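# Residue-level structural notes
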Amino acid sequence: IDAQGLLAGVEFIPSPNCDDRPAGPVELLVIHNISLPPGEFGGDGVLRLFTNTLDVAAHPYYQTIAGARVSAHFLVRRDGRIIQFVPCTKRAWHAGESRWQGRSCCNDFSLGIELEGSDAVPFADAQYDALNQLTVALRAAYPVCGIAGHNDIAPQRKTDPGPCFDWSRYLAGLC
């Protein structure tokens, strides 16, 4: 991770859906899942959502998220390829209304990592490998002291990364 908050060796596609992070350390990684259209992988829907270029006429579901202004720092594709959308030095708009260890507004002190997937489909081996490598790099650069699912910080609103995400496998890969 360089001084601008960019991860070396990955594609960077800037998202406008970010702003300045308030003072204070990055302490939390938030794991999400996403697929657009829902349940379909490999397309450009997520990239278009995060860059505000989603054609709402391209799929009926897109009309339900028209006007959404969201992003994440990273997306891990099914093949393990990582794309960065927001520098780690900026606040990505990934967590929404959220709470972790008594603190609200998790976007202020977290990094958002989206896994291309859904609650109903197991994640690919390559994704776990890439997520582990990414986590190690982020922990080396920032004082990360927690890792949570989106469902952990917004339990009334969110279910991701979902029951198919193998937390034991992921965390064991960090040792």
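Preceding this paragraph is the structure being described.
So, here is what we can say about the structure in this document. (Residues numbered from 1 in each chain as written. Predicted model: local features only at pLDDT ≥ 70, side-chain atom pairs only at ≥ 80, totals over all residues. Heavy atoms only, no water.)

### Description of the environment of Gln101
Looking at where Gln101 falls in the secondary structure, it is placed in the loop between strand E7 (99-100) and strand E8 (103-104). In this structure, the C-alpha to C-alpha distance between Gln101 and Gly146, residues 45 residues apart in sequence, is 9.7 Å. (Helix = DSSP H or I, 4+ residues; strand = E, 2+ residues; numbered from the N terminus.)

### Notes on the nonpolar core
With 22 residues, the main nonpolar core has Phe74, Ile113, Leu134, Leu138, Phe165 and Tyr170 as its most contacted residues. Looking at this core, the element that brings in the most residues is helix H2 (residues 125-141), giving five residues. Discounting residues that sit within four places of it in the chain, Leu138 has contacts with Ile1, Leu29, Phe74, Cys88, Leu111, Ile113 and Val144. Counting residues in each nonpolar core, the second largest holds 17 residues, with Leu36, Ile65, Ala72 and Ile83 among its members. (Core = buried A, V, L, I, M, F, W, Y, C linked by side-chain atoms within 4.5 Å. Buried < 20%, exposed > 50% of the residue type's maximum accessible area, 1.4 Å probe, protein only. Contact = heavy atoms within 4.5 Å.)

### Some details on the state of the cysteines
On inspection of all chains with the given rule, the structure shows zero disulfides. With no disulfide partner, Cys88 has as its closest neighbouring cysteine sulfur the one in Cys18, 11 Å distant. Lacking any disulfide linkage, Cys106 is separated from the closest cysteine sulfur, that of Cys105, by 7.9 Å. The class for Cys106 is buried, based on a relative accessible area of 0%. (Disulfide = S-S within 2.5 Å.)

### Some words on the sheet that holds strand E4 (residues 74-76)
The strand order E1-E5-E4-E9-E3-E10 describes an open sheet built from six strands, whose pairing is mixed. A strand with exactly one partner marks an edge of an open sheet, and here the two such strands are strand E1 (11-12) and strand E10 (146-149). Both E1 and strand E5 (residues 82-84) contribute to a ladder of two bridges, which runs parallel. From the neighbouring strand, Phe12 faces E5, where its bridge partner is Gln84. On the sheet, H2 packs against strand E3 (28-34), E4, E5, strand E9 (110-116) and E10 and is oriented at approximately 170° with respect to E9. (Pairing = 2+ DSSP bridges. Axes fitted to C-alpha atoms, helices over the stretch in contact; angles between N-to-C directions.)

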